[in-house]
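# Geometric and topological summary
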Amino acid sequence: MFHLKSGLNPGKSCVQRKSSTREVCLKNWESMKVWIGSLLLVLGVSLGAQTSPAHNWHSPSEVVKKIKKNFSDINSYSADFLIKTEDNKKEKQMRGKCFYKRPGKIRYNFAEPEGDEIVSDGKTLHIFIKRLGAVGKQDLTLDRKNTSGPIFTTNSPDGLNRLFRKYHYKFDTIEQPRSMGDTTKYFVLDLDQREKIGGFEKMKLFVDSESYLIKKAVATDGRGKVTTISFSNINFSEEIQDGVFNFHMSGNAKIVNNPLVSEN
């Protein structure tokens, strides 16, 4: 049986370092796991939910149906992303540009930290951490159980369905949609993990009331660490070639196979 690891395998590049720097390496791999978790979480990976009563002419289930329908109609897009983490009053941020193309192809080019990448052709997910000189290579076709299907379905309608299957969800307030300080009005959904199995226990999704795109997500784990990811400058007209989703390995990079799951 496969299950999510509590942290990424740091790989030989960390293990072989002196003890004074090994802890730093481990923390970097743990941070990358949070980035990946945040990105895949927002894009509909391994999550789900339950409906709440209707109010104010809308219901959470109605909004969720429109989110799913909207995403299933998207062929490709590019966008700028910003990820912020807050843990014990320590803040960190990451930013860059992402690309998506059906079915399940993604690329995240990080400008901060510069050179990091997350790339998937729909079958294999590569996570490159420049500072560590290491690549996590995840087979997306692995089954956690014989009947569970692909363990990760990045950026897919199926993955989004799972987003709204394993979490309870409801509107955060009666007033829906509402302005959040700009001209856009949002439906705001609170998600609560149905079975506390680790990872993000609570999430808040900010859904554009006109496009039904998830523009921002705020996720909190059991230790109180908060991760926020937001998207801007979304472009649906950019022509994106399939070659964008090919990962080019650095000759000196260490490979860590299937870092997001274990067989124990």
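Definitions and limits used
Every chain's residues receive numbers from 1 upward, in the order its sequence appears when written. Per-residue local features are limited, in this predicted model, to residues with pLDDT of at least 70; the limit for side-chain atom pairs, both in listing and counting, is 80 or more; totals at the level of whole chains, interfaces and linings are taken over all residues. As a rule here, side-chain values cover all heavy atoms of the structure and leave hydrogens and water aside. Predictor confidence is given residue by residue as pLDDT, running from a minimum of 0 to a maximum of 100. We count a stretch as a helix when DSSP gives it H or I for four or more residues in a row; a strand needs E for two or more, and each element gets its number in order from the N terminus. Should any heavy atoms of two residues lie within 4.5 Å, those residues are considered in contact. In plain words, nonpolar cores are sets of buried Ala, Val, Leu, Ile, Met, Phe, Trp, Tyr and Cys residues tied together by side-chain atoms within 4.5 Å. Exposure classes here rest on a 1.4 Å probe applied to the protein chains alone. A residue is buried below 20% of its type maximum, exposed above 50%, and partly exposed in between. Pairs of N or O atoms within 3.5 Å make up the polar contacts considered here, provided that, within protein, one atom can donate a hydrogen while the other can accept it, and that residues adjacent in sequence are counted only when both atoms are side-chain atoms. Salt bridges are identified by distance alone: a Lys or Arg side-chain nitrogen within 4 Å of an Asp or Glu carboxyl oxygen. Pairing of aromatic rings covers Phe, Tyr and Trp, the last through its six-membered ring, and needs centres within 6.5 Å; plane angles under 30 degrees mean stacked, over 60 mean edge-to-face, and all others mean tilted. Charge over a ring is defined by NZ of Lys or CZ of Arg lying within 6 Å of the ring centre and within 35 degrees of the ring normal.

## Topic: the confidence of the model for the protein chain
With 70% of its residues at a pLDDT of 70 or more, the protein chain shows a mean pLDDT of 76. Averaged pLDDT values for the elements of the protein chain fall to 30 in strand β1 (residues 3-4) and rise to 94 in strand β4 (residues 105-112). Long-range and interchain partners of residues 1-13, a stretch whose pLDDT sits below 50, account for 45 contacts in this model, where long-range means more than four residues apart. Long-range and interchain partners of residues 145-155, a stretch whose pLDDT sits below 50, account for 42 contacts in this model, where long-range means more than four residues apart.

## Remarks on the nonpolar core
I67, Y108, F164, L189, L191, L205 and V207 are the most contacted members of the largest nonpolar core, which has 40 residues in total. Here I67 is in contact with L160, F164, L189, V207, Y212 and I214, once residues within four sequence places are set aside. Formed by 5 residues, the second largest nonpolar core is a distinct cluster that contains V119, F128, F247 and A253.

## A word on the environment of D73
For D73, the position within the fold is in the loop between α3 (60-72) and β2 (76-87). Along the chain, D73 and R102 lie 29 residues apart, while their C-alpha atoms are 9.8 Å from each other. Among the polar contacts made by the side chain of D73, one reaches the side chain of K69 at a distance of 2.6 Å.

## Re the environment of Y167
Inspection of the secondary structure assignment puts Y167 in strand β8 (residues 167-171). Judged by its relative accessible area of 2%, Y167 falls in the buried class. A sequence separation of 25 residues divides Y167 from D192, and the C-alpha atoms of the two residues are 5.2 Å apart. Only 2.3 Å separates the side chain of Y167 from the backbone oxygen of F200, close enough to count as a polar contact.

## Quick word on the side chain of Q138
If you trace the backbone, Q138 turns up in strand β7 (residues 134-139). Classification of Q138 as buried rests on a relative accessible area of 0%. At 3.4 Å, the side chain of Q138 forms a polar contact with the side chain of N258.

## Section: the pattern of salt bridges
Summed over all chains, the structure comprises 15 salt bridges. Between K101 and D242 there is a salt bridge, with its nearest N and O atoms 3.0 Å apart. With K101 in strand β3 (residues 90-101) and D242 in the loop between β13 (226-235) and β14 (254-257), this pair connects stretches of sequence that are 141 residues apart. On the basis of relative accessible area, K101 is assigned to the buried category, the value being 17%. Note that D221 is salt-bridged to R223, the shortest N-O span being 3.6 Å. Assessed through its relative accessible area of 16%, D221 is described here as buried. Residue R223 is classed as exposed on the basis of its relative accessible area of 58%.

## So, the packing of aromatic side chains
Throughout the structure, instances matching the rule amount to 7 aromatic pairs. Judged by centre distance (5.1 Å) and plane angle (80 degrees), the ring pair of F81 and F110 falls under edge-to-face. Taken together, the residues span a long stretch of sequence, with F81 in strand β2 and F110 in strand β4 at a distance of 29 residues. For the pair formed by F81 and F110, the shared burial category is buried. Three or more aromatic residues link up through ring pairs in this structure, and these residues are F71, Y77, Y100 and F236. Above the plane of the ring of F206 lies K216, whose end atom (NZ or CZ) is 4.5 Å from the centre.

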